[in-house]
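What follows is the residue order along each chain.
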Amino acid sequence: MRMKLAEKLNDNLSKLKKVLSSDDVTFLDMKVGDTSAVLIFINDLVNKDTLGELVLKPAATVKGKPDFKELFGVFNSPEKKELSTQKDTLEEILSGSAVMIIDSFSTAISFGLKHFEKRAITEPPTSTVIKGPREGFVESLPVNVSLMRRKLKSPDLIFKNLTVGRVSRTPVSICYIRGIADEKLVEKLQKKLDSIDIDAVLDSSYISKFLGEHDISVFKQIGNTEKPDILAAKILEGRVAIFVDGSPIALTVPYILLEDFQSASDYYNSSYSATVARIIRLLSVILALLLPAFFVSSELFHLQLIPLSFLLTIVNSIKGIPLSPSYEMFFTLLIFEILNEASVRMPKYVGMVVSIVGGLVLGETAVNAGIISAPTLMIIALSGICLYTVPELEQTFSVIRILFLIIGGSFGGYGILIVLAMFFVHLITFENYHTPLLAPFSPLVKDDLKDAFYKGFLSEMQSRPESLRNKNKRRIRLMHDKKGD
């Protein structure tokens, strides 16, 4: 279908009908003056009322046998373009446009009259806020593009469109700000997207698997968000965003680990409360990852680390427990993960009941039955709650928590420290698109520490992050700076 369109109408129709043999494709015979024509469109993807007003009515006013330029100017559709190949014609029809093929012309006309049902703009469930905008991206690419245009009314906001997927032909759009983002990064992403050879792209997560530069790392390599205000802030720092039609989640490149410890509400609240919240998130993650492992290793290898009063409590609570400390912790963790999966997969009104009843009834019953001890149940519950203070990293940290638990139960505290050191070495040497994952801590970038776990005041945010490769470093010009100019 890469051939050019023929001048004879029947030659074009015979080839297109072989490919478009589905019953929902309409071939509407019509007359444009004295010339025969066919309007081709997919029933449920085209607004038929608009089609009649902007295409069929103007076509009925044509007299005689006009030339192509005159005919092209008759139609009032704001989205019309010329098509010269069978491949372009087919893609336009399948993407929801109406295409008119006219006898004696080797050029067709495409009318962008797409119309399909889409979800209303609502607050995303993964990014709820008390203060700040509550709108989130939806599954429609044009709607998401319009949300970004509303946030950033600048001619330097650039969108580059392409198509990915042999069968799905999914529209994908690269979004960045010209003059801020690194053009080499944009070119590299575009080449990677063009090189993706896959049957279908049904969500942005498909794309993220191809964009990462490290195949086997447990850590995220591509950022993501569902909120236009967060994405606008990220691309203003020099990142590049990627939208995928059919997905409400936008991807961002490059990604650093610190950004998942930051929240949109941090920038709408005071610097003091934001700093305290970020420190709490950091401490919570440390507790979530290491508390179960250190508790098990202390019971098995380092009893001297446990205070005497707490040790007596533990000894009294584990009397009659048939499982060893390691198996007991794994069993309790397994129950927690099962309840988590059940509450996520079930309908909302049932999931809440399962999580509450399962947590209270199963936990208390297991303790009373002597299967697990109360300290173990408390530590797993505390670890689970702490894990969800950084929800974007919950899956990654769940895997790492299990690894630390295995090491702690097998080799004790020394094994935990060795594996922890190995993780730090991995993170320190980890780069993605020439950006260190642990920036701005490794390597140390002092100017970027003003928006790390310490949230600086607005007057301190005059320059964009130096950890990211961006241009135009200045983003805030204070009044006294203007007077000096």
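Because the structure is predicted, anything quoted here is derived from the model rather than measured.

(A) Spatial organisation of the overall build of the protein. The helix and strand inventory of the protein stands at 15 helices and twelve strands. For the protein, whose C-alpha radius of gyration is 29 Å, the value lies well above the compact-globule estimate of 23 Å for 485 residues. The buried share among the 485 residues of the protein stands at 46%. Across the protein, every contact between residues at least 6 apart in sequence was considered, and the portion connecting residues at least 24 apart equals 62%. As displayed, the protein offers around 25,200 Å² of accessible surface, 61% of which is attributable to carbon and sulfur atoms. Where the 55 positive side-chain charges of the protein centre and where its 53 negative ones centre are 4 Å apart.

(B) Just the confidence of the model for the protein, in detail. Of all residues in the protein, 93% attain a pLDDT of 70 or more, and the chain-wide mean is 86. Within the protein, the lowest mean pLDDT, 52, falls on helix H15 (residues 479–484), and the highest, 96, falls on strand E9 (residues 240–244).

(C) Main features of the side chain of Ser442. Mapped onto the secondary structure, Ser442 falls in the loop between strand E12 (435–436) and H15. When sequence neighbours within four positions are dropped, the list of residues in contact with Ser442 reads Ile428 and Pro436.

(D) Just the packing of helix H5 (residues 141–151) against helix H8 (residues 228–236), in detail. With their axes 10 Å apart at the nearest point, H5 and H8 run at an angle of 65 degrees to one another. For the pair H5 and H8, the crossing hand works out as right-handed. Residues Leu147, Met148 and Lys151 of H5 pack against Pro228, Asp229, Leu231, Ala232 and Ile235 of H8. Among the residues forming the contact of H5 with H8, the class breakdown is six nonpolar, no polar and two charged.

(E) Representation of a nonpolar patch on the surface. Judged by side-chain polarity, Leu323, Tyr327, Phe331 and Ile371 come together as a nonpolar surface patch covering roughly 360 Å² of accessible area. Inspection of the secondary structure puts Phe331 in helix H11 (residues 325–345).

(F) How the structure looks around the packing of aromatic side chains. Enumeration over the complete set of coordinates arrives at ten aromatic pairs. An angle of 75 degrees between the planes, with centres 5.6 Å apart, marks the rings of Phe261 and Phe453 as edge-to-face. Of this pair, Phe261 sits in the loop between strand E10 (250–253) and helix H9 (271–300) while Phe453 sits in the loop between E12 and H15; the two residues are 192 residues apart in sequence, bridging distant segments of the chain. Just as Phe261 is buried, Phe453 falls in that class too. Look at Phe441 and Phe453: their rings are 5.6 Å apart centre to centre, the planes differ by 25 degrees, and that puts the pair in the stacked class. Here Phe453 lies in the loop between E12 and H15 and Phe441 lies in the loop between E12 and H15, a separation of twelve residues in the sequence. We classify Phe441 as partly exposed; its relative accessible area is 37%. Cluster of aromatic residues (ring-pair linked, three or more members): Phe68, Phe72 and Phe105. Positioned above the aromatic ring of Phe27 is the side chain of Lys17, whose terminal nitrogen or guanidinium carbon lies 5.4 Å from the ring centre. The ring of Phe72 has Lys80 sitting right over it, with the charged end atom 4.8 Å from the ring centre.

(G) Examining helix H6 (residues 183–194) more closely. Over its twelve residues, H6 runs 17 Å from end to end, which matches the ideal 16 Å to within 8%, given 1.5 Å per residue. Taken residue by residue, H6 has Leu185, Val186, Leu189 and Leu193 as its buried positions. Within H6, the buried residues cover an arc of 100 degrees as seen down the axis, which keeps them to one side. Across from the buried face of H6, at angles greater than 90 degrees, the exposed residues are Lys184, Lys191 and Asp194. For H6, the secondary structure elements touched by its buried residues are strand E6 (157–164), strand E7 (170–177), helix H7 (204–211), E9 and E10.

(H) Up close: the pattern of salt bridges. A complete count under the given rule lists 21 salt bridges for this structure. In this structure, the salt-bridge partner of Lys227 is Asp229, at a minimum N-O distance of 3.7 Å. For the pair shown, Lys227 and Asp229 are each scored as buried. Here Glu259 ties to Lys234 by a salt bridge, and the two come within 2.8 Å at their closest N and O atoms.

(I) Representation of helix H13 (residues 374–387). Here H13 contains 14 residues, and its C-alpha end-to-end distance of 20 Å stays within 8% of the 20 Å for a straight helix at 1.5 Å per residue. Buried within H13 are the following residues: Pro375, Thr376, Ile379, Ile380, Ser383, Gly384, Cys386 and Leu387. An end-on view of H13 places all buried positions within 165 degrees of arc, on one side of the element. Exposed residues lying more than 90 degrees from the buried face of H13 are Met378 and Ile385.

Thresholds applied
- Residues numbered from 1 in each chain as written.
- Predicted model: local features only at pLDDT ≥ 70, side-chain atom pairs only at ≥ 80, totals over all residues.
- Heavy atoms only, no water.
- Helix = DSSP H or I, 4+ residues; strand = E, 2+ residues; numbered from the N terminus.
- Rg over C-alpha atoms; globule rule 2.2 N^0.38 Å.
- Buried < 20%, exposed > 50% of the residue type's maximum accessible area, 1.4 Å probe, protein only.
- Contact = heavy atoms within 4.5 Å.
- Areas by Shrake-Rupley, 256 points an atom, 1.4 Å probe, with all protein chains shown as cover.
- Lys, Arg positive; Asp, Glu negative; His and termini not counted.
- Charge placed at Lys NZ, Arg CZ, Asp CG, Glu CD.
- pLDDT = per-residue confidence, 0-100.
- Axes fitted to C-alpha atoms, helices over the stretch in contact; angles between N-to-C directions.
- Left-handed = near helix turned anticlockwise from the far one by under 90°.
- Nonpolar A, V, L, I, M, F, W, Y, C, P; charged D, E, K, R; others polar.
- Patch = residues over 30% accessible without salt bridge, like charges linked within 9 Å, V, L, I, M, F, W, Y side chains within 5 Å.
- Salt bridge = Lys/Arg side-chain N within 4 Å of Asp/Glu carboxyl O.
- Phe/Tyr/Trp six-rings, centres within 6.5 Å; stacked < 30°, edge-to-face > 60°.
- Lys NZ or Arg CZ within 6 Å of the ring centre and 35° of its normal.
- Expected span 1.5 Å × (residues − 1).
- Arc of directions from axis to C-beta.

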